[in-house]
Amino acid sequence: MKSRLRLTLNGEDVEVLCEPRQSLLEVLRDNLGLTGSKEGCGNGNCGACSVLLDGRVVNSCIVFALEADGRSVMTIEGIATGAELHPLQKKFLEHAALQCGICTPGFIIAAKALLDRNPRPSEAEARLWLAGNLCRCTGYDKIIRAVLDAAGAGAPAGG
Amino acid sequence: MATRSGNYRVIGTRPIRHDGVDKVTGRALYGADFQMAGLLHGRTLRSPHAHAKILRIGVEKALRAPGVKAVVTAADFPPPGDRIADLGEGSVKVRDLCANIFASGKVLYRGHAVAAVAATSPQAAAEALKLIEVDYEALPPVLDVLEAMQPSAPLLHDDLRTDELGERGTRPTNVAKHLRFEKGDVAAGFRRADRVFEGEFRTAMVHQGYIEPHNATALWSPDGSLTIWCSTQGAFTVREQVSTILALPVSRVRVVPMEIGGGFGGKIPVYLEPAAALLSRKTGRPVKLVMDRTEVFEGTGPTPGSVIRVKIGAMKDGRINAAEAWLAYEAGAFAGSPVPCGMMCIFAPYDIENVAIDGYDVVVNKPKTAPYRAPGATNAAFASETLLDEVARWAGIDPLELRRRNAAREGTRRADGIVYPRIGYLETVEAASEHPHYRAALEPKGGRRGELRRGRGVASGFWFNVGLKSSVAASVNPDGTVHLVEGSTDIGGTRTSIAMQLAEVLGIGAEDVQPHVADTSGVGHTDVTGGSRVTFATGLAAIEAAHDIERQMVDRAAALWSVPRDEIDVEDGVYRHRTGSKSIDFKELASKLSECGGPVVGRATVDADQRGVGGGFATHIVDVEIDTETGKVAILRYTAVQDVGKAVHPSYVEGQIQGGVAQGIGWALNEEYLYDAAGRMTNASFLDYRMPTALDLPSIDPVLIEVPNPGHPFGVRGVGEVPIVPPCAAIANAIHAAIGSRLHELPMNPGRVLRAVLG
Amino acid sequence: MTVPGRTLREVVEALEALHPDLKGWLREPDGERLRPGLAAAVDNVLSGLQQPVAEASEVQFLPALRGG
């Protein structure tokens, strides 16, 4: 028995039918065709599914889709402004902060939430904030540099 | 080809990777993102038992469930018979290949696939799994490699006999193979030694930990052709494995590689593709199967746990004159652990006169192991590099100085017989000993109660790297850009490093090359993205294709100017008529191709093993801080020095080093498959299988040493795998420096460290 | 040990003649390739059976290895 889900998705009002048991991640990917958010673990431990729900980072794999009813969601697809990449996206590219790229959407979402709250985080603050996003390829070094550079803080202390 | 030193225009720069925008915007399509009209969804039923006979599989109820369109089991395979396949890494019985896709007769590990269902939704498929009835007769499992080697151990395979140094044994066993390398006379060497050191070491099974689970979509067309979309490290190896398992000619199978979210070796074997294909054949519709994370842990290919015994004979001046190793690796449910690789790497950085290495490949009731980044070498280095630290301490010699005195060089013969060409091991040791990290003071104690102890450790490592075969084709566009088609799936930025090499030869910019990873119908045979081979081997193919283009462009310039082609010189992309004043650059010539002979397409296919694959060496330095009240080990500082030959794109070379080190740190401190007595993995989630997060790691400092590989025009060596080899030993040595106690078992988690502190 | 041969194939055939128990162990039954799991290096470079072998060349047999 499907329910109606209405939300503001990447700035646009969207309406879709979904089953109550579906996660927000599933609805985004399967019902709405936005495959940028990824499933890495299905139980909220890797952050590959990170989206912003009313501006807050959540693991969309453990949020019921209907919890987002009437609220605003931002996914990786909404980060750029038209053809203009967000500074985080540009810095990830410049710093080679991705290798396989599967964790990248989640990291960019989480990093945006960090910079929206704390425009000049320290390296330690950035690492703590991003500890919920797993990356197996990069060892995090270039990701942290990209985030701090996007914040205008420059490279982390110690090179 | 002579190695060219001096300035390159493109090699060594850091362009934005060609697929970068797609990946930072979420547009890049990975296997699970694939959609198609009429798609059915599959789920896999897996064994709850670590070891059991399958008495009966009943699928009737599942077939009647809502939304279910088909169920498949091992019975749906063409009979494998006695066929043997060579999939590039050793002979394997097709029966065993099939049996790991779907269990036949017996289940050999918890998570072993038994059946798969295709239904109109993933939920309908999951519900249907519960309706498949399987009657098992549970058998005792064997979960420890030493226990499995005992004559009294439960046997996994009735027909397994030990390949004992080439002779087939007669006794039923779990020991699939015994190999030996020998050089000189170890007994005499140990007798001459001033002191002999021995140690036994244990490592646990660990997983590659890629964030993207396995996936495959298959469409079996009414015309008998099979198309597969999947995330893989090699479209051609998928084609080969699937055609072998399903007894199809390769010409009927097309594999389209999607973007891949990490592999590290674990996405070389197929798991879901044959099942998806069989379900598609039964239903006449495309079928997609995606694993969940538990399935990835329980049903794919982690790397072996192992027991390794090492013996080293040393002289007072630190010279090692004899070394012996005994390695027993868990192959998992079917034979084929990387014990030969461990044997090849264990003493590889050193010039030792007398060496004897015995390796055993042993089956146990755990998932069949698959390659994991320098497979087998990390286990081996943990043992040998830790014992070397003891030698250094006894001799009163700095551990890097000890390595310098024993360093292998060009001309040194390794235990397996290979003589080294030009290598850069010594350079990594020297660079490490001169590095500011090594010279920085380290306060031995800290914390309010002095409970924090600090220590520094070093270790070296080696990986041989592979060459194998790659093919490329490249067409010149009228605007002077080049469309490059290659078959190496891109896990870490290689489409760009390959494009850069083509660009360098042609005298154009990296941004003027459009690299494209093609499917098996679109490019010539290309071996896997693995073995640290792609930038080297597919790069070689791109270089040759570029030279092929250049030759054709010379022909075109000659036609354009009506002069003989041997009067034309080309340098840095400018074509000059030697005797006249005419010259034209690549871009402009490209715009005139239709007037002087038509399109230009270059091609090349390379067997890179014939060219001189350069081995890779690394020396790492790590500072740790141990909380002696909790056993927690923090990494304070990490420096990884590596001979990379020539860094084509330094950012991605640095990234490979940092990533490999991070995996090594996880392996050293936390990661392991925890099993209960019944053979169930009890920590099959990212919560409890603890991989490093951003908070667990400091900045990892990669130091790139470039000792050019004579086998590659730009000096490239494989870089991806060496970085994971030294960390476990480096950290063990640092822990010893901090608390005076040497751990011989991985992971060195807080519980073990605390026990060592408390004595 | 020293054996005669101008190609790796001839070297293998000479080895098999000297040690009959190596027959069926070094090569596939059709004799066209080394058996799966075995690799050979001529002068430290991995090679196939067609590889020419020089006067003082060194041939090693190794396990076929791979990476990850």
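Each value, and the rule that gives it
- Residues numbered from 1 in each chain as written.
- Chains lettered and ligands numbered in written order.
- Predicted model: local features only at pLDDT ≥ 70, side-chain atom pairs only at ≥ 80, totals over all residues.
- Heavy atoms only, no water.
- Pairing = 2+ DSSP bridges.
- Helix = DSSP H or I, 4+ residues; strand = E, 2+ residues; numbered from the N terminus.
- Axes fitted to C-alpha atoms, helices over the stretch in contact; angles between N-to-C directions.
- Contact = heavy atoms within 4.5 Å.
- Salt bridge = Lys/Arg side-chain N within 4 Å of Asp/Glu carboxyl O.
- Polar contact = N/O pair within 3.5 Å; in protein donor to acceptor, adjacent residues only side chain to side chain.
- Buried < 20%, exposed > 50% of the residue type's maximum accessible area, 1.4 Å probe, protein only.
- Domains from an automatic or database assignment.
- Buried area = accessible area lost by both parts, 1.4 Å probe.
- Nonpolar A, V, L, I, M, F, W, Y, C, P; charged D, E, K, R; others polar.
- Parallel < 35°, antiparallel > 145°, perpendicular 65-115°, else oblique.
- Left-handed = near helix turned anticlockwise from the far one by under 90°.
- Core = buried A, V, L, I, M, F, W, Y, C linked by side-chain atoms within 4.5 Å.
- Phe/Tyr/Trp six-rings, centres within 6.5 Å; stacked < 30°, edge-to-face > 60°.
- Expected span 1.5 Å × (residues − 1).
- Disulfide = S-S within 2.5 Å.
- 1 Å grid on protein atoms, 1.4 Å probe; cavity = no way out; pocket = protein on both sides within 12 Å on 5 of 7 lines; lining within 4 Å.
- Points joined across faces, edges and corners; volume = space filled by probe spheres on them.

Engineer: Where do I start with the sheet that holds strand E2 (residues 45-47) of chain C in this structure?
Structural biologist: Sheet strands associate in pairs through backbone hydrogen bonding, adopting either a parallel or an antiparallel arrangement. Residue and element names in this part refer to chain C. Here we have three strands laid out as an open sheet, ordered E2-E1-E3, and antiparallel in their pairing. Strands with a single pairing partner mark the edges of an open sheet, and in this sheet they are E2 and strand E3 (59-63). Direction aside, the axes of adjacent strands within the sheet are offset by 40 degrees on average. Alignment of strand E1 (residues 38-42) against E3, held across five bridges, turns out to be antiparallel. Pairing of Ala 39 across the sheet is with Leu 62, part of E3. Here helix H1 (residues 8-18) sits on the sheet and contacts E1, E2 and E3; the angle it forms with E3, its principal contact strand, is near 80 degrees.

Engineer: What am I meant to see in the interface of chain B and chain C here?
Structural biologist: The parts lose accessible area when they come together, and the size of an interface is often stated as this lost area. At the interface, 33 residues of chain B touch 20 residues of chain C. Between chain B and chain C we count one salt bridge in total. Where Glu 58 of chain C meets Arg 413 of chain B, a salt bridge forms, and the shortest distance between an N and an O atom there is 2.5 Å. Counting across the chain B and chain C interface gives four residue pairs in polar contact (both at pLDDT 80 or more). Sorting elements by how many residues they give to the side of chain B that touches chain C places helix H10 (residues 339-345) of chain B first, with three residues.

Engineer: I would appreciate a short explanation of the pairing of strand E1 (residues 40-46) of chain B in the present structure.
Structural biologist: Each regular strand carries side chains that alternate between the two faces of the sheet. Residue and element names in this part refer to chain B. Burial runs high along E1: six of the seven residues are buried. In terms of strand pairing, E1 meets strand E16 (residues 287-290) through three bridges, oriented parallel. Counterpart to Gly 42 in the pairing with E16 is Leu 289. In this structure, E1 lies alongside strand E7 (residues 113-119), joined through six bridges in antiparallel fashion.

Engineer: Just to check I follow, could you spell out the domain arrangement of chain B for this structure?
Structural biologist: All names here are of chain B. Structurally, chain B comprises domain 1 (20-28 + 467-608), domain 2 (34-139 + 212-261 + 267-299) and domain 3 (306-465 + 614-758). Across the contact, 14 residues belong to domain 1 and 16 residues belong to domain 3. Approximately 1100 Å² of surface area, both sides summed, lies buried where domain 1 meets domain 3, with 70% of it carried by carbon and sulfur atoms. Of all residues in domain 1, Met 500, Ser 532 and Phe 536 give up the largest surface area on contact with domain 3, accounting jointly for 42% of the area buried on that side. Summed over the shared surface of domain 1 and domain 3, the result is zero salt bridges.

Engineer: Before we go on, may I ask you to explain the interface of chain A and chain B in this structure?
Structural biologist: Contact residues are listed per partner, giving 44 residues for chain A and 54 residues for chain B. Here chain A packs against chain B, burying approximately 3900 Å² in sum over the two surfaces, 57% of which is carbon and sulfur. Considering only the surface of chain A that becomes buried against chain B, Leu 93, Gln 99 and Arg 136 of chain A emerge as the three largest contributors, covering 22% of it. Inspection of the region where chain A meets chain B yields four salt bridges. Here Glu 671 of chain B and Arg 136 of chain A are joined by a salt bridge, their closest N and O atoms 2.8 Å apart. Inspection of the chain A/chain B interface yields 26 residue pairs in polar contact (both at pLDDT 80 or more). Going through the elements one at a time, helix H1 (24-31), helix H2 (87-94), helix H3 (104-117), helix H4 (123-129) and helix H5 (141-150) of chain A are the ones with two or more residues in the side of chain A that touches chain B. Residues that form the side of chain A that touches chain B fall into these classes: 20 nonpolar, eleven polar and 13 charged.

Engineer: Please explain the sheet that holds strand E8 (residues 133-138) of chain B as it appears in this structure.
Structural biologist: All names here are of chain B. Strand order in the open sheet formed by three strands is E6-E2-E8, and the pairing between neighbours is antiparallel. Of all the strands in the sheet, the pair left with one neighbour each is strand E6 (106-107) and E8. Pairing analysis gives six bridges linking strand E2 (residues 52-58) to E8, with the strands arranged antiparallel. In the strand pairing of E8, Ile 57 is matched with Val 134.

Engineer: How should I be thinking about the pattern of salt bridges in this particular structure?
Structural biologist: Should the charged atoms of two oppositely charged side chains come close, the side chains can pair. Residues and elements named next belong to chain B. Following the criterion strictly, the structure yields 68 salt bridges over all chains and no others. Close ionic contact of Lys 267 with Glu 212 constitutes a salt bridge, the shortest N to O distance being 2.7 Å. Taken as a pair, Lys 267 in the loop between strand E15 (253-257) and helix H8 (273-283) and Glu 212 in the loop between strand E12 (195-203) and strand E13 (215-220) lie far apart in primary sequence, 55 residues in all. Residue Lys 267 is classed as buried on the basis of its relative accessible area, which comes to 2%.

Engineer: Looking at this structure, I do not really get the packing of helix H18 (residues 650-669) of chain B against helix H19 (residues 727-739) of chain B. What am I missing?
Structural biologist: A pair of packed helices can be characterised by two numbers: the angle between their axes and the separation between those axes. Residues and elements named next belong to chain B. Their axes nearest at 8 Å, the elements H18 and H19 cross at an angle of 55 degrees. Here H18 lies oblique to H19, going by the angle between them. Crossing hand, H18 versus H19: right-handed. Together, Val 661, Gly 664, Ile 665, Trp 667, Ala 668 and Leu 669 of H18 and Pro 727, Cys 728 and Ile 731 of H19 make up the contact between the two elements.

Engineer: Would you mind showing me how to read the arrangement of the chains here?
Structural biologist: Looking across the two pairs of chains in contact, one finds the most contacts between chains A and B. Of all C-alpha pairs spanning chain A and chain C, none lies closer than 14 Å, and the two are not in contact.

Engineer: Would you take a moment to explain the nonpolar core for this structure?
Structural biologist: Generally speaking, soluble globular proteins have nonpolar side chains that are buried together. Judged by nonpolar contacts, the single largest core of 196 residues is most densely connected at Phe 92 of chain A together with Met 748 of chain B. If we skip the residues at most four places from it in the chain, Phe 92 of chain A touches Ala 97, Leu 98, Thr 104, Phe 107, Ile 108, Ile 143, Ala 146 and Val 147 of chain A together with Val 24 of chain B. Counting 49 residues, the second-largest nonpolar core is a separate cluster that includes Ile 11, Leu 540, Ala 541 and Ala 590 of chain B.

Engineer: Just checking my understanding: could you explain the packing of aromatic side chains for this structure?
Structural biologist: A ring pair, where both rings are aromatic, is described by two values, the distance of the centres and the angle of the planes. Residue and element names in this part refer to chain B. Tallied over the entire structure, the rule returns 19 aromatic pairs over all chains. With 5.3 Å between their ring centres and 40 degrees between their planes, Tyr 425 and Phe 617 make a pair best called tilted. Residue Tyr 425 is located in helix H13 (residues 425-434), and its partner Phe 617 is located in strand E29 (residues 616-627); the two are separated by 192 residues in the primary sequence. A residue is classified by how much of its surface remains accessible, and Phe 617, at 0% relative accessible area, is buried.

Engineer: Whenever I open this one, helix H11 (residues 377-395) of chain B confuses me. Can you help?
Structural biologist: It helps to recall that an α-helix has 3.6 residues per turn; residues three or four apart then point in one direction. Residues and elements named next belong to chain B. With 19 residues, H11 extends 26 Å from end C-alpha to end C-alpha; this agrees with the ideal 27 Å at 1.5 Å per step. Within H11, 16 of the 19 residues are buried, leaving the element largely enclosed by the surrounding structure. Within two residues after H11, Gly 396 carries a phi angle of roughly 70 degrees, on the positive side.

Engineer: Could you clarify how one ought to interpret the state of the cysteines in this entry?
Structural biologist: Note: disulfide means a covalent bond formed between the sulfur atoms of two cysteine side chains. Across all of its chains, the model carries zero disulfides over all chains by this definition. Of the cysteine sulfurs around Cys 46 of chain A, a residue in no disulfide, the closest is that of Cys 41 of chain A, at 3.8 Å.

Engineer: Mind showing me how you'd approach H3 of chain A here?
Structural biologist: All names here are of chain A. In a regular helix each residue adds 1.5 Å, so 14 residues correspond to 20 Å; H3 covers 20 Å between its end C-alpha atoms and thus fits that length. Of all 14 residues making up H3, twelve are buried, and the element is well covered by its neighbours. Along H3, the residues classified as buried are Thr 104, Pro 105, Gly 106, Phe 107, Ile 108, Ile 109, Ala 110, Ala 111, Lys 112, Ala 113, Leu 114 and Leu 115.

Engineer: Would you explain the environment of Gly 301 of chain B in this entry?
Structural biologist: Positionally, Gly 301 of chain B belongs in the loop between helix H9 (293-299) and strand E17 (306-314). Along the primary structure Gly 301 of chain B and Leu 146 of chain B are separated by 155 residues, whereas in three dimensions their C-alpha atoms are 20 Å apart.

Engineer: What exactly am I supposed to notice about empty space enclosed by the protein here?
Structural biologist: Residues and elements named next belong to chain B. Applying the stated rule across the entire model yields seven cavities of 30 Å³ or more. Estimated volume of the largest cavity: approximately 530 Å³. Along the wall of the largest cavity there are 32 residues; nearest its centre are Thr 494, Ser 532, Gln 656, Val 719 and Gly 720. Of all the secondary-structure elements, those providing two or more residues to the lining of the largest cavity are helix H15 (494-506), helix H16 (534-561) and H18. The class makeup of the residues in the lining of the largest cavity is twelve nonpolar, 15 polar and five charged. When residues of the lining of the largest cavity are assigned to domains, at least three map to each of domain 1 (20-28 + 467-608) and domain 3 (306-465 + 614-758).

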